[in-house]
Amino acid sequence: MSTIIPKHMAKSEASSSHIQSLCEKVLKNINQVIIGKEDVVRLFLAAILCDGHVLLEDVPGVGKTMLARSMAISLGLTFRRIQFTPDLLPTDVTGVSVYNQKTGDFEFRPGPIMAQVVLADEINRATPRTQAGLLECMEERQITVEGKSMPLPNPFLVIATQNPIEYEGTFPLPEAQLDRFMFRISIGYPDIPQEVEILERQRLGHPIRTLASVSTPEELSAAQEEVREIFIEDSCKEYIVKIVHGTRNHRDVALGASPRGSLALARGAQALAAMNGREYVIPDDIKQLVIPVLAHRIVLKPESALRGTSSSSVLREIVNNTEVQLSRTKA
């Protein structure tokens, strides 16, 4: 694979090296809690650097909540967990105005959404009305209560979890809300040596109890701004769009990815490039993110799903059939 040499770099090597150093510190810190899942943690951190939300979809007990908590602690961010249930109301998430008898006025009492990292645990157990209450928070970074809009903390990240196996008593997320999540990530089971190490590390207590912060919200915000300046060569932009257009024309797909998918793929590739100490995107950055970014944004035709076709297999086929034309230019 040839390396692209951009015409001009939007950021200096110092910026990308700074992001790489920050990510290495965070990854090393989280590895004290999450064993043997460095690739998953890197994807998770890439989404945060893009200022994007994450959907963690996996079976219970593999560490979804611990991953969210350890990431928040490592980055020095405030953390709140919301357990989604069928009786949860939108005001339980956003907050509510309560009448104060002493002052004679209504006072707003903020809900758990007023945190920098919000874990929406088992999000598909809440009703569509409550799920929809998150849409404004995720897209606009604000809440509206009784006609008054209030900004959410910065940075702000929603991490939602759901069990892909258990369907009883659940409300599947609508396409409009799935599209708000930048990445959908699966953690997976540990292998035998990793699980043995988990047993040893948690013999006397959970390591998250002693986990310390290695960064600050200000440092993260600066890194997010720097990621936006990572250079994407025109041929890589065209490669991204070709892949997304491929989802709209595939024989097994009823609904392809929207332009928001193209934007998420480009932004994620910028984050991966910065995490690897580069000031520019290469096609491998894009290929690595196609499934986490696009798999939850496409809807298969019913007959294709019945044949056992998966979104991941469709995307792998599209990537294999999509060529990238690399232009060679001097800096």
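Coordinates for the structure precede this section.
In this convention, every chain numbers its residues from 1, walking through the sequence in written order. Two thresholds apply to this predicted model, a pLDDT of at least 70 for residue-level local features and 80 or more for giving and counting side-chain atom pairs, whereas whole-chain, interface and lining totals are computed over all residues. For side-chain calculations, the full set of non-hydrogen atoms in the structure is used, while hydrogens and water are omitted.

Participant: What is the right way to look at the overall build of the protein in this model?
Facilitator: A run of H or I in DSSP counts as a helix once it spans at least four residues, and a run of E counts as a strand once it spans at least two, with each numbered from the N terminus. Looking only at helices and strands, one finds 13 helices and eleven strands in the protein. In terms of C-alpha radius of gyration, the protein reaches 21 Å, essentially the compact-globule figure of 20 Å for 331 residues. Counting only C-alpha atoms, the protein reaches 70 × 50 × 50 Å along its principal axes. We call a residue buried when its accessible area falls under 20% of the maximum for its residue type, exposed when it is over 50%, and partly exposed in between, using a 1.4 Å probe and counting protein chains only. Across the 331 residues of the protein, 49% fall into the buried class. Working rule for contacts: check all heavy atoms of both residues, and any pair within 4.5 Å makes them a contact. Long-range contacts, defined here as pairs at least 24 residues apart, represent 80% of the contacts in the protein between residues at least 6 apart. Per element, the accessible surface of the protein, about 16100 Å² overall, is 52% carbon and sulfur. Computed over 36 positive and 40 negative side-chain charges, the inter-centroid distance for the protein is 1 Å. Here the globule rule is a power law, 2.2 Å times the number of residues to the power 0.38, and the radius of gyration is based on C-alpha atoms. Per-residue and other accessible areas were derived by the Shrake-Rupley procedure at a 1.4 Å probe size, with only the shown protein chains allowed to occlude residues. We count Lys and Arg on the positive side and Asp and Glu on the negative side, and we leave His and both chain ends out. Every charge is mapped onto a representative atom, which is NZ of Lys, CZ of Arg, CG of Asp or CD of Glu.

Participant: Mind showing me how you'd approach the nonpolar core here?
Facilitator: Nonpolar side chains in soluble globular proteins tend to be buried together. Among buried residues, those of type Ala, Val, Leu, Ile, Met, Phe, Trp, Tyr and Cys that are joined through side-chain atoms within 4.5 Å constitute a nonpolar core. With 73 residues, the main nonpolar core has Leu49, Leu67, Met71, Phe183, Ile286 and Leu294 as its most contacted residues. Of all hydrophobic cores here, the second largest spans 24 residues; its members include Val93, Met138, Leu178 and Phe181.

Participant: I tried to follow the packing of helix 2 (residues 38-49) against helix 3 (residues 64-74) on my own but got confused; where do I start?
Facilitator: Each pair of packed helices can be described by the angle between their axes along with the distance between the axes. Following both chains from N to C, one finds helix 2 and helix 3 inclined at 55°, their axes separated by 12 Å at the closest point. Relative to helix 3, helix 2 is oriented oblique. As for how helix 2 packs across helix 3, the hand of that crossing is right-handed. Here helix 2 contributes Val40, Val41, Phe44, Leu45 and Ile48 to the contact with helix 3, which in turn contributes Leu67, Ala68 and Met71. For the contact of helix 2 with helix 3, a count of residues per class yields eight nonpolar, no polar and no charged. Each axis is a line fitted through C-alpha atoms, and for a helix only the stretch in contact is used; angles between axes span 0 to 180 degrees, taken between their N-to-C directions. The scheme is simple: roughly parallel for angles under 35 degrees, roughly antiparallel for over 145, roughly perpendicular for 65 to 115, oblique for anything else. Handedness of a crossing is defined here by the sense of rotation of the near helix relative to the far one, left-handed for an anticlockwise turn of less than a right angle and right-handed for a clockwise turn. Three classes are used: nonpolar for Ala, Val, Leu, Ile, Met, Phe, Trp, Tyr, Cys and Pro, charged for Asp, Glu, Lys and Arg, and polar for all others, with Gly counted as polar.

Participant: What am I meant to see in the packing of helix 9 (residues 234-249) against helix 13 (residues 311-320) here?
Facilitator: It is the contact of helix 9 with helix 13, at a shortest axis distance of 10 Å, that shows an interaxial angle of 135°. Here helix 13 runs oblique to helix 9, going by the angle between their axes. Crossing of helix 9 over helix 13 shows right-handed handedness. The segment helix 9 lies against helix 13, with Tyr239, Ile243, Gly246 and Thr247 engaging Leu315, Ile318 and Val319.

Participant: Just checking my understanding: could you explain the pattern of salt bridges for this structure?
Facilitator: Oppositely charged side chains may form a pair once their charged atoms are brought near each other. Salt bridge, as used here, is a side-chain nitrogen of Lys or Arg placed within 4 Å of a carboxyl oxygen of Asp or Glu. This model, assessed by the stated rule, comprises 16 salt bridges. As a salt-bridge pair, Glu219 and Lys25 come within 3.9 Å of each other at their nearest N and O atoms. Remark: Lys25 occurs in helix 1 (residues 13-30) and Glu219 occurs in helix 8 (residues 217-227); sequence separation between them is 194 residues. A salt bridge links Glu139 to Arg180; the shortest N-O distance between them is 3.6 Å. Remark: Arg180 occurs in the loop between helix 6 (175-178) and strand 9 (181-185) and Glu139 occurs in helix 5 (residues 128-140); sequence separation between them is 41 residues.

Participant: What exactly am I supposed to notice about the side chain of Ser70 here?
Facilitator: Relative to the helices and strands, Ser70 resides in helix 3. Classification of Ser70 as buried rests on a relative accessible area of 0%. Once residues lying within four places of it in the same chain are set aside, the contact partners of Ser70 are Ile30, Val33, Ile34, Ile208 and Leu211.

Participant: Looking at this model, I keep getting lost on helix 2. Mind explaining?
Facilitator: The α-helix winds at 3.6 residues per turn, so residues separated by three or four positions along the chain end up facing the same way. When the terminal C-alpha atoms of helix 2 are compared, their 16 Å separation across twelve residues agrees well with the 16 Å that a helix rising 1.5 Å per residue should span. Extensive coverage of helix 2 is indicated by the burial of ten of its twelve residues. Along helix 2, the positions that sit buried rather than exposed are Val40, Val41, Arg42, Leu43, Phe44, Leu45, Ala46, Ala47, Ile48 and Leu49. Given the number of residues in a helix, its expected span is that number minus one, multiplied by 1.5 Å.

Participant: It is not clear to me how unusual backbone geometry should be interpreted in this structure. Could you clarify?
Facilitator: A negative phi angle characterises most non-glycine residues, just as the trans form characterises most peptide bonds. The omega torsion across Asn154 and Pro155 is 0°, close enough to zero to call that bond cis. Even without glycine at this site, Asp51 takes up a positive phi of about 60°. Tracing the backbone through its elements, the reader meets Asp51 in the loop between helix 2 and strand 1 (53-57). Overall, Asp51 belongs to the partly exposed group, its relative accessible area being 25%.

Participant: What should I look at first to understand the pairing of strand 1 in this one?
Facilitator: Regular strands show a simple pattern: their side chains alternate between the two faces of the sheet. Extensive coverage of strand 1 is indicated by the burial of five of its five residues. Of the two faces of strand 1, the one carrying His53, Leu55 and Glu57 and the one carrying Val54 and Leu56 are both buried. In this sheet, strand 9 lies alongside strand 1 in parallel orientation, the contact comprising four bridges. If you follow Leu55 over to strand 9, its bridge partner there is Arg184. Pairing between strands is defined by DSSP: at least two bridges between them are needed. Relative to strand 8 (residues 157-162), strand 1 runs parallel, the two being bridged by four bridges. In the sheet register, Glu57 faces strand 8, and the bridge partner there is Gln162.

Participant: Would you mind showing me how to read the sheet that holds strand 8 here?
Facilitator: Through backbone hydrogen bonds, the strands of a sheet pair up, either in parallel or in antiparallel fashion. Sheet architecture is open: five strands sit in the order 2-5-8-1-9, paired in parallel fashion. The sheet is open, and its two edges are formed by strand 2 (79-83) and strand 9, each paired on a single side. Averaged over all pairs of adjacent strands, the angle between their axes in this sheet comes to 20°, without regard to strand direction. Both strand 2 and strand 5 (residues 117-121) contribute to a ladder of five bridges, which runs parallel.

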